[in-house]
Amino acid sequence: MIKKTLLLIACAIMSWSAMLADDVTINGVIYDAGLGQALVKGCEPGIKNLVIPAQITYNGKIFPVTSFFGDGVANNTELETATIDGSEFSVTSRSFKGCANLKKVTLLEGVHYMGAWCFEGCVSLEEITMTNSVKTLGYGAFSGCVSLKSLTLSNSITKIEEYAFNECKALTHINLPPNLETIGQMAFNGCSSLRKVSLPTTLKKLDHYTFSNSGLRYIYLPEGITEMGFAFAGCKELRVVSLPSTLTRFQGFYSCSGITDVECRSTTPVKPTDDFER
């Protein structure tokens, strides 16, 4: 009985919200305007350059643009560029997923959140610019963006979620945030063009498969890292490794057959719990 009552209340709220919201089209962008904010629902056919402002005016009222509605512009194959300002804007989950011809994205100061899989499968995406207002980079955010070559992440990001740059095969350079604390599993898996990366001293742990199957040739682990799983599994190009004195536990370099030189900066070197190669 309680569940049924709650379901009826939820349905009533959704219906009430829908009645209060209007679909508004401004400069080719379709918004859901109501309850004091505007959500981006999509854009009209033929729009190649998507521009999302911080606010819109409708019926004499100002509505801050805060997020996408549903899947936003996912699978839109006409879009080539996107510029987003917004008001504390959230690039929600899957909002640009599968936009196969999207080449350039500019995130201005109003953007603070990038949800899971938000740009997954944007196979033509080459350039993305973000400011330090971005605080969250979601799970699989750029997974499968095979044309993305370089990126400077917001200094406000402290965690890169799992699969964030999975299979970004063209990625050659990435600037990691100076206060980064965590890099999730498979975050840079399959980044076969990535030759080097500078890890910040704020990192404490590298999880399994963080850089697996990447093109890294040299890796310097900064002081402060205490644990490392199979972070570099399958890195066939890896030649030189430098381990910090703070490392207390690591599981070796699984299937890294090309390693020729290992430096351990500790006076009492820690032994791996697994082999360097299998």
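Caption draft 1: A look at the overall build of the protein chain. Secondary structure summary: the protein chain contains one helix and 22 strands in total. Taken across its 278 residues, the protein chain has 46% of its residues classed as buried. For the protein chain, the exposed surface amounts to about 13,200 Å²; the carbon and sulfur share of it is 52%.

Caption draft 2: Examining the pairing of strand 7 (residues 81–84) more closely. The side-chain alternation of strand 7 yields one buried face, formed by Ala82 and Ile84, and one unburied face, formed by Thr81 and Thr83. Direction of pairing for strand 4 (residues 49–52) relative to strand 7: parallel, over a ladder of four bridges. Of the residues in strand 7, the one forming a bridge with isoleucine 52 is isoleucine 84. Relative to strand 9 (residues 104–107), strand 7 runs parallel, the two sharing four bridges. The residue of strand 9 that forms the bridge with isoleucine 84 is leucine 107.

Caption draft 3: Here's a closer look at the pattern of salt bridges. Under the criterion given, the structure shown has five salt bridges. Note that glutamate 223 is salt-bridged to arginine 265, the shortest N-O span being 3.0 Å. A residue pair is termed long-range when its members are at least 10 positions apart, and glutamate 223 in the loop between strand 18 (218–220) and strand 19 (227–228) and arginine 265 in the segment after strand 22 (261–264) qualify at 42 residues.

Caption draft 4: Up close: the nonpolar core. Counting residues in each nonpolar core, the largest one holds 76 residues, and the members touching the most others are Phe96, Phe119, Phe142, Phe165, Phe188, Leu206 and Phe232. For phenylalanine 96, the residues in contact, after removing those within four places along its chain, are Leu50, Phe68, Val73, Ala74, Leu79, Ala82, Ile84, Val91, Leu102, Cys118, Phe119 and Cys122.

About the thresholds
Residues numbered from 1 in each chain as written. Predicted model: local features only at pLDDT ≥ 70, side-chain atom pairs only at ≥ 80, totals over all residues. Heavy atoms only, no water. Helix = DSSP H or I, 4+ residues; strand = E, 2+ residues; numbered from the N terminus. Buried < 20%, exposed > 50% of the residue type's maximum accessible area, 1.4 Å probe, protein only. Areas by Shrake-Rupley, 256 points an atom, 1.4 Å probe, with all protein chains shown as cover. Pairing = 2+ DSSP bridges. Salt bridge = Lys/Arg side-chain N within 4 Å of Asp/Glu carboxyl O. Core = buried A, V, L, I, M, F, W, Y, C linked by side-chain atoms within 4.5 Å. Contact = heavy atoms within 4.5 Å.

All quantities given are derived from atomic positions and should not be read as evidence of function.
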